[in-house]
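Below, each chain spelled out in residue letters.
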Amino acid sequence: MTTAQTQELDVQPTPLALLLLGREADPGSERGVECPGELPSPSDPDLIERARAAKEKLGSKVFVLGHHYQRDEVIQFADVTGDSFKLARDAAARPEAEYIVFCGVHFMAESADILTSDDQKVVLPDLAAGCSMADMATAEQVAECWDVLTEAGIAEQVVPVSYMNSSADIKAFTGKHGGTICTSSNAKRALEWAFQQGEPSTTKVLFLPDQHLGRNTAVRDMGMTLEDCVVYNPHKPNGGLTQAQLRDAKMILWRGHCSVHGRFNLDSVDEVRERIPGVNVLVHPECRNEVVAAADYVGSTEYIIKTLQAAPAGSKWAIGTELNLVRRLANRFAPEGKQVVFLDRTVCFCSTMNRIDLPHLVWALESLAEGNLVNRIEVDKETEAFAKLALERMLALP
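Remember, predicted model here, so these are calculated numbers, not experimental data.

## Considering a negative patch on the surface
Right, so step 1: Together, Glu 140, Asp 169, Asp 380 and Glu 382 make up a region of like negative charge exposed at the surface.
Right, so step 2: Residue placement: Glu 382 occurs in helix H17 (residues 381-395).
Right, so step 3: Here Glu 382 falls in the exposed class, since its relative accessible area comes to 53%.

## Regarding the pattern of salt bridges
For side chains bearing opposite charge, pairing can occur when the charged atoms are close.
Right, so step 1: Evaluated as defined, the whole model comprises 15 salt bridges.
Right, so step 2: Asp 79 is the partner of Lys 55 in a salt bridge, and the nearest nitrogen-oxygen pair spans 2.8 Å. A residue pair is termed long-range when its members are at least 10 positions apart, and Lys 55 in helix H3 (residues 47-58) and Asp 79 in the loop between helix H4 (72-75) and strand E2 (80-82) qualify at 24 residues.
Right, so step 3: With a shortest N-O distance of 3.8 Å, Lys 121 and Glu 98 are connected by a salt bridge. In this pair, Lys 121 sits in strand E4 (residues 121-123) while Glu 98 sits in the loop between helix H5 (84-92) and strand E3 (99-103), placing the two residues 23 residues apart along the sequence.

## Some words on the pairing of strand E8 (residues 229-232)
Right, so step 1: Where E8 meets strand E9 (residues 251-254), four bridges bridge the pair, whose relative direction is parallel. Counterpart to Tyr 232 in the pairing with E9 is Trp 254.
Right, so step 2: Between the parallel elements E8 and E9, the chain passes through helix H11 (residues 243-248) in a crossover that is right-handed.

## So, empty space enclosed by the protein
Right, so step 1: As enumerated under the stated definition, the model contains one cavity of 30 Å³ or more in all.
Right, so step 2: Quantified by volume, the largest cavity comes out at close to 320 Å³.
Right, so step 3: Looking at the largest cavity, it is lined by 29 residues, and the ones nearest its centre are His 67, Tyr 69, Met 108, Asn 165 and Glu 286.
Right, so step 4: Those elements that place two or more of their residues in the lining of the largest cavity are H5 and helix H6 (106-115).
Right, so step 5: Residue composition of the lining of the largest cavity, grouped by class: 13 nonpolar, 13 polar and three charged.

## Details of the side chain of Glu 286
Right, so step 1: With respect to the helices, strands and loops of the structure, Glu 286 is situated in the loop between strand E10 (280-283) and helix H13 (289-294).
Right, so step 2: Look at Glu 286: it is buried, it has no salt bridge, and the nearest opposite charge is Lys 171 at 12 Å.
Right, so step 3: At 3.0 Å, the side chain of Glu 286 and the side chain of His 261 are in polar contact.
Right, so step 4: Non-local contacts of Glu 286, meaning those with residues more than four positions away in its chain, are made with Met 133, Tyr 163, Asn 165, Asp 210, His 212, Cys 258 and His 261.

## Points about the nonpolar core
Right, so step 1: The biggest cluster of nonpolar side chains holds 109 residues, and the ones touching the most others in it are Val 101, Phe 207, Met 251, Val 283, Leu 308 and Leu 343.
Right, so step 2: Top contributing element to this core by residue count: helix H16 (residues 358-369), with eight residues.
Right, so step 3: Residues within four places of Val 283 in sequence aside, it is in contact with Val 291, Val 292, Ala 295, Tyr 297, Val 298, Gly 299, Ile 304, Gly 320 and Leu 343.
Right, so step 4: Ranked by size, the runner-up nonpolar core spans 21 residues in total, among them Trp 146, Leu 206, Tyr 232 and Leu 241.

## Section: the sheet that holds strand E5 (residues 158-163)
Whether parallel or antiparallel, the strands of a sheet pair through hydrogen bonds between backbone atoms.
Right, so step 1: The strand order E6-E5-E7-E9-E8 describes an open sheet built from five strands, whose pairing is parallel. This sheet does not close on itself; its edge strands, each paired only once, are strand E6 (180-182) and E8. Between one strand and the next, the sheet's axes are offset by a mean angle of 25°, whatever the strand orientation.
Right, so step 2: With respect to the sheet, helix H8 (residues 168-176) is in contact with E5, E6 and strand E7 (204-208), its orientation differing from that of E5 by roughly 150°.

## Digging into the environment of Asp 79
Right, so step 1: Classification of Asp 79 as partly exposed rests on a relative accessible area of 37%.
Right, so step 2: A sequence separation of 15 residues divides Asp 79 from Val 64, and the C-alpha atoms of the two residues are 5.3 Å apart.
Right, so step 3: In contact with Asp 79, other than residues within four places in its own chain, are Lys 55, Val 62, Phe 63 and Val 64.
Right, so step 4: Polar side-chain contacts of Asp 79 include one of 2.8 Å to the side chain of Lys 55.
Right, so step 5: Looking at Asp 79, its side chain comes within polar contact range of the main-chain nitrogen of Val 64, at 2.8 Å.

## What about the sheet that holds strand E12 (residues 316-320)?
Right, so step 1: Spatial strand order, E11-E10-E12-E13: four strands in an open sheet with parallel pairing. Edge positions in the sheet fall to strand E11 (297-298) and strand E13 (339-342), since each of these pairs with one other strand and no more.
Right, so step 2: Taken together, the two bridges between E10 and E11 define a ladder with parallel strand orientation. Note on E11: the bridge partner recorded for Val 283 is Val 298.
Right, so step 3: Running over the sheet, helix H14 (residues 301-310) touches E10, E11, E12 and E13 and is turned about 155° from E10.

## Looking at the environment of Thr 383
Right, so step 1: Its location among the elements puts Thr 383 in helix H17.
Right, so step 2: What makes Thr 383 buried here is its relative accessible area of 12%.
Right, so step 3: Here the alpha-carbon distance between Thr 383 and Phe 173, two residues 210 residues apart in the chain, equals 8.4 Å.
Right, so step 4: Among all residues touching Thr 383, those that are not within four sequence positions of it are Ala 168, Asp 169 and Ala 172.

## Here's the deal with unusual backbone geometry
Right, so step 1: The peptide bond linking Leu 208 to Pro 209 adopts the cis configuration, its omega dihedral lying at -20°.
Right, so step 2: Here Pro 209 shows up in the loop between E7 and helix H10 (211-221).
Right, so step 3: Even without being a glycine, Asn 238 presents a positive backbone phi close to 55°.
Right, so step 4: Checked against the element boundaries, Asn 238 lands in the loop between E8 and H11.
Right, so step 5: Judged by its relative accessible area of 40%, Asn 238 is partly exposed.
Right, so step 6: Although it is not a glycine, Asn 375 sits at a positive phi angle of roughly 50°.
Right, so step 7: Mapped onto the elements, Asn 375 comes out in the loop between H16 and strand E14 (376-377).
Right, so step 8: In this structure Asn 375 comes out as buried when scored by relative accessible area, which is 10%.

The rules behind these values
- Residues numbered from 1 in each chain as written.
- Predicted model: local features only at pLDDT ≥ 70, side-chain atom pairs only at ≥ 80, totals over all residues.
- Heavy atoms only, no water.
- Patch = residues over 30% accessible without salt bridge, like charges linked within 9 Å, V, L, I, M, F, W, Y side chains within 5 Å.
- Areas by Shrake-Rupley, 256 points an atom, 1.4 Å probe, with all protein chains shown as cover.
- Salt bridge = Lys/Arg side-chain N within 4 Å of Asp/Glu carboxyl O.
- Lys, Arg positive; Asp, Glu negative; His and termini not counted.
- Charge placed at Lys NZ, Arg CZ, Asp CG, Glu CD.
- Helix = DSSP H or I, 4+ residues; strand = E, 2+ residues; numbered from the N terminus.
- Buried < 20%, exposed > 50% of the residue type's maximum accessible area, 1.4 Å probe, protein only.
- Pairing = 2+ DSSP bridges.
- Right-handed = clockwise from strand over helix to strand, strands pointing away.
- 1 Å grid on protein atoms, 1.4 Å probe; cavity = no way out; pocket = protein on both sides within 12 Å on 5 of 7 lines; lining within 4 Å.
- Points joined across faces, edges and corners; volume = space filled by probe spheres on them.
- Nonpolar A, V, L, I, M, F, W, Y, C, P; charged D, E, K, R; others polar.
- Polar contact = N/O pair within 3.5 Å; in protein donor to acceptor, adjacent residues only side chain to side chain.
- Contact = heavy atoms within 4.5 Å.
- Core = buried A, V, L, I, M, F, W, Y, C linked by side-chain atoms within 4.5 Å.
- Axes fitted to C-alpha atoms, helices over the stretch in contact; angles between N-to-C directions.

Rendered as structure tokens:
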């Protein structure tokens, strides 16, 4: 059909069609929206000096947060570094900062906005810096899942526990339904709390959105079996599960995963052990269960850093987490005689985290220095209230 014939029939392409054709951004999301204005060229030799100048001009009005997975060129301008929750709390502890520039991804900036005051403005240098895991659970899908649990007669027995790596909408759902948030370092405590909210023999947990962290915590840390866990697939009717399977399960795991940590497999572990005799395999709990089971050490990003800090000189380590951090750790500990390598031979950065580059950071800082607020991340009040409730439950965990 020609364009003229299409116009005669008054056929208009839908937003989804335009999205699939690559001609529009996702109409229901900020992700993918290009920054307005002119970005400096990545090859601009003055970028570092421009970033320094803009940051100096802003002074105490700006507080820059840098996630561990950020590029070196960006992390050098961070006032604090850390994982997503630590950074959000650090932002809340700096009420004098008018602008919080979050060098991370979208859900992290949302969490910072939830935890900071109304007077503070959170900025994400590139709105396209999303998180594939967080995007695997939408509010509509989770609401449908709850309907499935209700029809199975078990919703009242289910306590939602959502990973920090989730959208504000999912955190709000969790708070509204009596659940809590967790990080990779306190997931066990969060699950213990959840199972104490009802009869231990009948209480179940809906774990969102990372199936691997939920499974690894339940099996490795809490003594459950793989048979105690079922995976709810939002793309299948009733999650691809029978009502009997839902009733029998202790852990209902959302079918989500990290695109970086999910790449590691058992072959990666076997290959690095053969290649580097005596190597210690240290992985993040977002990795697959078979990888976690085969590793020597398992823990959060902060745990990985502290483990390497305490490691003896001459020790060898293969790290299963994002490559920017692994490379930074390798350079940091090389003078101490510690060998640090990436677990997989295939190079794998977090592609969305890497969208925050020096040109975007310079553009954001210079815009703020000129009095122009750009790329603000703002969570609506109702969502913020319920999400904050879930976060506060986590903060109250023993």
